[in-house]
Amino acid sequence: ILVIDDDRISAKIVKLNLKKEGYHVETAFDGEEGLAILPVVNPDLIILDVLLPGMKGREVCQTLKSDSQTRDIPVMFMTAKESPDDIQAEKEAGGVAHLTKPVNTKSLISEVRKLLG
């Protein structure tokens, strides 16, 4: 799993909780870094913040979905933005799930299991 979030504390908490469940997790702290390490990490799932410095999360998602190498990787948005318009924009960008920050650990694990089977 690749977590892309500029909030290092949030990213660390998500990483620790997923590692406890047996998942291998890597982190990136902006969209450009996430895209750069993608070929090395080769994730089965990307957990992506919307509000990132530089390239925003939705733009990162659109970039992933436009590339034949990465289009099938599910993207779960994790953000403080939770309006219906925001969630719709995430879906339009290619996201398949949404979690609102601060993230509830049980919801996080449940969504990850649902997406990864």
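An account of the accompanying structure is given in this report. (Residues numbered from 1 in each chain as written. Predicted model: local features only at pLDDT ≥ 70, side-chain atom pairs only at ≥ 80, totals over all residues. Heavy atoms only, no water.)

### A closer look at the pattern of salt bridges
Pairs can form between side chains of opposite charge whenever their charged atoms are close.
At step 1: Throughout the structure, instances matching the rule amount to six salt bridges.
At step 2: A salt bridge links Asp-5 to Lys-101; the shortest N-O distance between them is 2.8 Å. Taken together, the residues span a long stretch of sequence, with Asp-5 in the loop between β1 (2–4) and α1 (8–20) and Lys-101 in the loop between β5 (97–100) and α5 (105–116) at a distance of 96 residues.
At step 3: Using a relative accessible area of 0% as the deciding quantity, one classes Asp-5 as buried.
At step 4: Exposure remark for Lys-101: the relative accessible area of 19% places this residue in the buried category.
At step 5: Note that Asp-86 and Arg-58 form a salt bridge whose closest N and O atoms lie 3.2 Å from each other. Of this pair, Asp-86 sits in helix α4 (residues 84–93) while Arg-58 sits in helix α3 (residues 57–65); the two residues are 28 residues apart in sequence, bridging distant segments of the chain.
At step 6: Residue classification places Asp-86 among the buried residues on the basis of a relative accessible area of 15%.
At step 7: One continuous salt-bridge network, built from bridges that share partners, spans Asp-5, Asp-49 and Lys-101. (Salt bridge = Lys/Arg side-chain N within 4 Å of Asp/Glu carboxyl O. Helix = DSSP H or I, 4+ residues; strand = E, 2+ residues; numbered from the N terminus. Buried < 20%, exposed > 50% of the residue type's maximum accessible area, 1.4 Å probe, protein only.)

### Brief notes about the packing of α3 against α4
At step 1: Close contact between α3 and α4 brings their axes to 8 Å; oriented N to C, the two are set at 25°. With respect to each other, α3 and α4 are oriented roughly parallel. Of the residues in α4, those touching α3 at Arg-58, Cys-61, Gln-62 and Lys-65 are Asp-86, Ala-89, Glu-90 and Ala-93. (Axes fitted to C-alpha atoms, helices over the stretch in contact; angles between N-to-C directions. Parallel < 35°, antiparallel > 145°, perpendicular 65-115°, else oblique. Contact = heavy atoms within 4.5 Å.)

### Describing the sheet that holds strand β4 (residues 75–79)
At step 1: Strand order in the open sheet formed by five strands is β2-β1-β3-β4-β5, and the pairing between neighbours is parallel. In the strand order of this sheet, the two ends are held by β2 (26–28) and β5, each with one partner. Taking the axes of each pair of neighbouring strands and ignoring which way they run, one obtains an average angle of 20° across the sheet.
At step 2: Alignment of β1 against strand β3 (residues 46–48), held across three bridges, turns out to be parallel. From the neighbouring strand, Ile-4 faces β3, where its bridge partner is Leu-48.
At step 3: Strands β1, β3 and β4 of the sheet are contacted by α3, whose axis makes an angle of about 175° with β4. (Pairing = 2+ DSSP bridges.)

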